[in-house]
Amino acid sequence: MLKTFSKGGVHPPENKISAGKSIEILPLPQKVSIPVSQHIGAPATVLVVKGDKVKVGQVIAQSAGFVSANIHSSVSGTVESIDAVLDSTGYKRQAVTITVEGDEWIENIDRSTDLKKDIQLNAQDIIKRINESGIVGLGGATFPSHVKLSVPAGKKAEVLIINGVECEPYLTSDHRLMLEKGHEMMVGIQILMRALNVEKALIGIENNKPDAIKYLKSIVGEYKGVEVHSLKVKYPQGGEKQLIKALINREVPSGGLPIDIGAVVHNVGTAFAVYEAVQKNKPLFERVVTVTGKNLPKTANYMVRIGTSVAELIAAAGGLPEDTGKVVNGGPMMGKALTSTDVPVTKGTSGIIVFQSKESKRKADSVCIRCGKCVSVCPMGLEPYLLNRLSQRMMFENMEPEHVLDCMECGSCSFECPANLPLLDYIRLGKAEVNKIIRARKN
Amino acid sequence: MDKQVIVSPSPHVHSGESTSRLMFNVVLALMPAFAVSLYYFGVGALIVTLLAVGSCVIFEYLIQKFLMKGNPTITDGSAIVTGLLLAFNVPSNLPWHIVVIGSLVAIGVAKMSFGGLGSNPFNPALVGRVFMLISFPVQMTSWPLPVASRLQYLDAVTGPTPLAILKEGLKNGETISQMGDKIPSHMQMFMGLMGGSLGEIAAFALLIGFAWLLFTKVITWHIPVSIFTTIAVFTGILWMINPETNADPIFHLLTGGVMIGAIFMATDYVTSPMNPVGMWIFGIGIGLLTVIIRVWGAYPEGVSFAILIMNAFVPLLNRYVKPKRFGEEVKRNG
Amino acid sequence: MSSVLLFSIIMLSLLGVVLAVILYLVAQKFKVFEDPRIDEVEAVLPGANCGGCGYPGCRGFADAFVKAEDVSSLFCPVGGNDTMNAAAAVMGKTVEAKDPEIAVVRCSGSPENRKRIVQYDGASSCKVATSLYSGDTGCQYGCLGLGDCVAVCKFDAIYIDPVTLLPVVSDEKCTACGACVKACPKFIIELRKKGPKSKRIFVSCINKDKGGVARKACQVACIGCGKCVKVCPHDAITLENNLAYIDFNKCKLCRKCVEECPTSAILELNFPPRKPKVEAEAQVEKTE
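Rules used throughout
- Residues numbered from 1 in each chain as written.
- Chains lettered and ligands numbered in written order.
- Predicted model: local features only at pLDDT ≥ 70, side-chain atom pairs only at ≥ 80, totals over all residues.
- Heavy atoms only, no water.
- Helix = DSSP H or I, 4+ residues; strand = E, 2+ residues; numbered from the N terminus.
- Buried < 20%, exposed > 50% of the residue type's maximum accessible area, 1.4 Å probe, protein only.
- Lys, Arg positive; Asp, Glu negative; His and termini not counted.
- Salt bridge = Lys/Arg side-chain N within 4 Å of Asp/Glu carboxyl O.
- Polar contact = N/O pair within 3.5 Å; in protein donor to acceptor, adjacent residues only side chain to side chain.
- Contact = heavy atoms within 4.5 Å.
- Axes fitted to C-alpha atoms, helices over the stretch in contact; angles between N-to-C directions.
- Parallel < 35°, antiparallel > 145°, perpendicular 65-115°, else oblique.
- Left-handed = near helix turned anticlockwise from the far one by under 90°.
- Nonpolar A, V, L, I, M, F, W, Y, C, P; charged D, E, K, R; others polar.
- Pairing = 2+ DSSP bridges.
- Expected span 1.5 Å × (residues − 1).
- Arc of directions from axis to C-beta.
- Buried area = accessible area lost by both parts, 1.4 Å probe.

> Go over the side chain of A:Glu206 with me, naming the residues and quoting the values.
Residue and element names in this part refer to chain A. For Glu206, the location among the structural elements is in strand β10 (residues 200–206). With no salt bridge to any partner, buried Glu206 finds its closest opposite charge in Lys209, at an N-O distance of 4.6 Å. Among the polar contacts made by the side chain of Glu206, one reaches the side chain of Gln237 at a distance of 3.1 Å. Not counting residues up to four positions away in its chain, the partners in contact with Glu206 are Gly164, Val165, Cys167, Ile213, Leu231, Lys232, Val233, Lys234 and Gln237.

Following this line, the structure appears as structure tokens:
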């Protein structure tokens, strides 16, 4: 019996079309726009001015607090402007636009591809290096990694959990990374283990990626304390709390963090980035992005410099097909629909999915028949139908005791609803309003 | 981008589940029982069923169109299910005007007056049935005997149900062993060879429907199983105390409306609780009330009343019985 | 038979007496003293319970009105001056008259003026749409047209025009309760002075982008050119963040800015049709 989490969950069609495509390096673009806020927390402070010459890997915006991250230039060239550009939601956010000239990296980056296994730094220096390298959670949440590694006083990390679940349909970037950069990732895991001072690391992978499981199991013997676990396919297993439940059968308390029960979760992409930062001195300025879609001429997994326009990615994949209904940044369950493809790839972009028109439109909603399917699929044990109603009637203060803040917006309820109700739309609104109420209460 | 793309909040995919598909599966699950009743009761079953389904759909359409002035949503199939269940809960020789009145009460009073699908507190088919039972007690309790008169509708050969035989016998001071052959054997009851409403008699056909509903994930097992268990345990205890005045648990499970009630009526989405704990309480309540009415009540049969009474508790159950939240058992640190 | 009847009657009567006594005792024990004037003030209020005064319903307002030392900050926008005078009379106080106000929608971005660049397909709520993205046009400030304002209006005074897809406020029905102002996540709706015969002039745009960007997104956007500021003889117009704003306390409804605005972003409502220029000026002088 394969492990999985116990409560709720759904089985969306997997559609991992690009699973067999090796990671390709996307040619350098003409121009990149690097937003200064690509992470959860305070936006970074810009260090460069218009006309400055920058090199690949140079810090162009500095972390503005503990929960924040450095931003590095992903290309070499001249700073063209520091202005507001469209982000994926259509609002304008500050970004540094750089015209690309050549590909000159800062000197101390080790550009060789040799595997460097021995770890020289101690825990503190590792965390410092990770912080300096601007590494954030690459699974999509973009939470600054050094914050997760800095265990608060009085708490102790017991186990490191590596998220190789990639439970979102379509996406294959983590899958490819595990297959192609397995050793580097393993070293990254060892580095994270040293930073956290834990003896054990568990890699969770859903068994729809048998090649990755087989490969990692074949090399895991070389790395002390690391185990590879195959998990039953069920969405949202890649959710931090669900993965912990599946692997070590502990539940993160409501409103708590994984560290409360001795666990720290990092994504496989993050582990790889940590390897590069610590062993090769290479800050985070590129990542693997899946470009996929049922009628896209070509699907691929690209290694992309941060700040490259999504339009370039799609052009490399053969351009937008005639019948395009929706372009989504991220997975189909939690990703954001783009208003325009002229937005930059950020640290949190795990994939770009192009949907056909017929897949894009929601079906008309009907009345709630109280079937309770939303309740049974909710992985957090909430009652989406109730939260939806409370939110629609603007009874936000009644939503807090119903644990609305535990909702992680996985979308299982909306996915399953036979009446096609936009449950999550309203729950998300309720969450925002409840957060406002809580903030107001604190002041 | 020159073309207009669609922007919507996540999730961007849907399971494809729909209300009409769910209702269609319920209709499919009722088909074995319908086939059996056609075989046993012939033309009467056909007339009553078509009449009930037809009038439920028409009433729903008319009420939505002209009274509620909205867009009729009969395509969701819920009126068809109500009609089928209503027909399955009446004798096959019921005069047509009573069927139509029952349908009007079920759809008009029990469903539409509360706002239509999703808003009714009580199971519409059961409200229709209980209304007919109280208003037309004679017609509603003359049960055609299976196979006996397939070609007759109103003038079918009738006989009592096993529960009525039992109640009558006990009233006359007979013991169960004295009643002997008057009561059908367990196997006969399982196959549906007894008097009763046109869809409730054949336990095996209803169980096939149950399996289909579980297979297509239309319902979960909680409500039917909790009802069956409660009835079996409760009547089992009574039977062990005195087998001469109390029938055995299998008798109670196979007779009357327990099968159809537990599998199709109690599991009606709108009028049943939303989470497993609530479902258990709901099921146990129905089981207890059914046995109490059967053993100590004036009516020989109590499933309909039991379900309607427990329907009234569903809003309370939904409000106070909450599903177990993730991370609830662990205490919050700090 | 008669004994059964008699028994029932006696039992029911006894039950009635006992319950009545219990009710009386409970009512005495849990009696809460309330100022009777609250009831009187509530009686003169409109009873719409719209919350436009900032209190939960008319009773909440009456309670605050009775308890407040200084009632100048309290105002019932629905009832207006008459109601406030009546309420003040109950308390033996006087209140200052306030100019009637009305909600105005400061966006003219109909599909004709403002090209839709994406299609929205989600919950029909402006709040949900705002938290998702900037809007279905190039203008991130403009009206989304999903009708949160319509949903909250208790007076049926606002509706979405099917052609322009913008909210329209009814002059007669709007009570200036402010519910729509609070409901609009884009802050487009504003309460402004109703003006004589509902005549009013306002900048029907809140786009703070630079002129070129704003104009590209919407033909009738305020581009912040400042021409209206210069032409206004009463210093009623200010320009901030590329956006003009007309102070309704200073505006004398001369309509000079309306003519001057190159993008027709300034709207005039309920004015008689324009006369040839000379006459129009003469009329302005008359109204002043």
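Following the structure, the description resumes.
> Run through the packing of helix α3 (residues 173–180) of chain A against helix α5 (residues 210–219) of chain A, naming residues and quoting values.
Pairs of packed helices are described in terms of their axes, by the angle between the two and the distance that separates them. Residue and element names in this part refer to chain A. At a minimum axis separation of 9 Å, α3 and α5 run at an interaxial angle of 30°. Classified by the interaxial angle, the pair formed by α3 and α5 is roughly parallel. Relative to α5, α3 is oriented so that their crossing is left-handed. Judged by residue contacts, His175, Met178 and Leu179 of α3 engage Asp211, Ala212, Tyr215 and Leu216 from α5. When grouped by side-chain class, the residues that make up the contact of α3 with α5 number 5 nonpolar, 1 polar and 1 charged.

> Account for the pairing of strand β17 (residues 351–355) of chain A, with residues named and values stated.
Residue and element names in this part refer to chain A. Counting buried positions over the 5 residues of β17 gives 5, a clear majority of the element. Looking at chain direction, strand β13 (residues 286–292) and β17 are connected through 3 bridges and run parallel. Its bridge partner lying in β17, Thr290 is registered against Gly351. Here strand β15 (residues 326–329) runs beside β17; their pairing, made up of 4 bridges, is antiparallel. Following the sheet pairing, Asn329 is matched in β17 by Ile352.

> Outline helix α4 (residues 80–91) of chain C, listing residues and values.
Residues and elements named next belong to chain C. Between its terminal C-alpha atoms α4 stretches 17 Å, which fits the 16 Å expected from 12 residues at 1.5 Å a residue. Here α4 has its buried residues at Gly80, Thr83, Met84, Ala87, Ala88 and Met91. Buried residues along α4 cover an arc of 135° about the axis, so they all sit on one side. In α4, the exposed positions that point more than 90 degrees away from the buried face belong to Asp82 and Ala89. As for α4, its buried residues are in contact with α2 (36–44) and α3 (57–67). Downstream of α4 by one or two residues, Gly92 has phi in the positive range, about 75°.

> Give a detailed account of the interface of chain C and chain A, specifying residues and quantitative values.
Facing 18 residues of chain C, the contacting portion of chain A comprises 14 residues. Summing both sides of the interface, chain C and chain A together bury roughly 1400 Å²; the carbon and sulfur share of this comes to 53%. On the chain C side of the interface with chain A, the three residues burying the most area are C:Asp121, C:Lys127 and C:Gln140, jointly 32% of the side's total. Linking chain C with chain A are 1 salt bridge.

Honestly, it's all geometry; don't read function into it.
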